[in-house]
Amino acid sequence: MPIYEYTCGDCGLDFERLVLGRKTPTCPGCESENLERRLSLPRVKSSSTHDRAMRAAKKRDASQARDRMHERIRYEESHDRHG
């Protein structure tokens, strides 16, 4: 029972489906059968890939925190001037 990756030709949604037999799946977003089956690449999980993913997540989180702080400062400054 393979799991395939698909892209919907109508709405562009990317999704995975467990395919039983020769049944044709439908898009979960728009119910279309206009699907393109994509090549699924194996995913390797090791301590080095886990460490790399954690570093990327921490970098992303820090960037989002900075963005939120800057937005909050701008918000507070604009309300201080008008309040």
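Everything that follows concerns the structure shown earlier in this document.
This write-up is about the structure you can find in this document. (Residues numbered from 1 in each chain as written. Predicted model: local features only at pLDDT ≥ 70, side-chain atom pairs only at ≥ 80, totals over all residues. Heavy atoms only, no water.)

1. Looking at the overall build of the protein
(1) Moving on: Along the backbone of the protein there are one helix and three strands.
(2) Moving on: When the elements of the protein are put in sequence order from the N terminus, they spell out β-β-β-α.
(3) Moving on: For the protein, whose C-alpha radius of gyration is 22 Å, the value lies well above the compact-globule estimate of 12 Å for 83 residues.
(4) Moving on: Its C-alpha atoms give the protein principal-axis dimensions of about 65 × 35 × 15 Å. (Helix = DSSP H or I, 4+ residues; strand = E, 2+ residues; numbered from the N terminus. Rg over C-alpha atoms; globule rule 2.2 N^0.38 Å.)

2. With respect to the pairing of strand 1 (residues 3-8)
(1) Moving on: Pairing of strand 1 with strand 2 (residues 14-18) involves five bridges; the strand directions are antiparallel. Bridge assignment links I3 to a residue of strand 2, and that residue is L18.
(2) Moving on: Once strand 1 ends, the chain turns through five residues before running back antiparallel as strand 2, passing G12 with a positive phi of about 85°.
(3) Moving on: Relative to strand 3 (residues 35-38), strand 1 runs antiparallel, the two sharing four bridges. What sits directly across from E5, in strand 3, is R38. (Pairing = 2+ DSSP bridges.)

3. Examining a nonpolar patch on the surface
(1) Moving on: A cluster of nonpolar side chains, I3, L18 and L20, forms an exposed patch at the surface whose accessible area comes to about 300 Å².
(2) Moving on: In this structure, L18 sits in strand 2. (Patch = residues over 30% accessible without salt bridge, like charges linked within 9 Å, V, L, I, M, F, W, Y side chains within 5 Å. Areas by Shrake-Rupley, 256 points an atom, 1.4 Å probe, with all protein chains shown as cover. Salt bridge = Lys/Arg side-chain N within 4 Å of Asp/Glu carboxyl O.)

4. Focus: the packing of aromatic side chains
(1) Moving on: Applying the stated criterion across every chain yields a total of two aromatic pairs.
(2) Moving on: Ring centres of Y6 and F15 lie 5.7 Å apart, and the angle between their planes is 25°; on these two criteria the pair is classed as stacked. For the pair Y6 and F15, one class covers both residues: buried.
(3) Moving on: Through a chain of ring-to-ring contacts, the aromatic side chains of Y4, Y6 and F15 assemble into a single cluster. (Phe/Tyr/Trp six-rings, centres within 6.5 Å; stacked < 30°, edge-to-face > 60°. Buried < 20%, exposed > 50% of the residue type's maximum accessible area, 1.4 Å probe, protein only.)

5. Focus: the nonpolar core
(1) Moving on: Among the nonpolar cores identified, the biggest contains six residues, and these are Y6, C8, F15, V19, C27 and L35.
(2) Moving on: Apart from residues no more than four positions distant in its own chain, L35 is found in contact with Y6, T7, C8, F15, P25, T26 and C27. (Core = buried A, V, L, I, M, F, W, Y, C linked by side-chain atoms within 4.5 Å. Contact = heavy atoms within 4.5 Å.)

6. Description of the sheet that holds strand 3
(1) Moving on: Ordered by their spatial adjacency, three strands build an open sheet running 2-1-3, and the pairing between neighbours is antiparallel. Looking along the sheet, the strands with just one partner apiece sit at the ends: strand 2 and strand 3. Going from strand to strand, the sheet's axes swing by 40° on average, the running direction of each strand aside. (Axes fitted to C-alpha atoms, helices over the stretch in contact; angles between N-to-C directions.)

7. Section: the side chain of T7
(1) Moving on: Examined against the element boundaries, T7 turns out to sit in strand 1.
(2) Moving on: Once residues lying within four places of it in the same chain are set aside, the contact partners of T7 are G12, L13, D14, N34, L35, E36 and R38.

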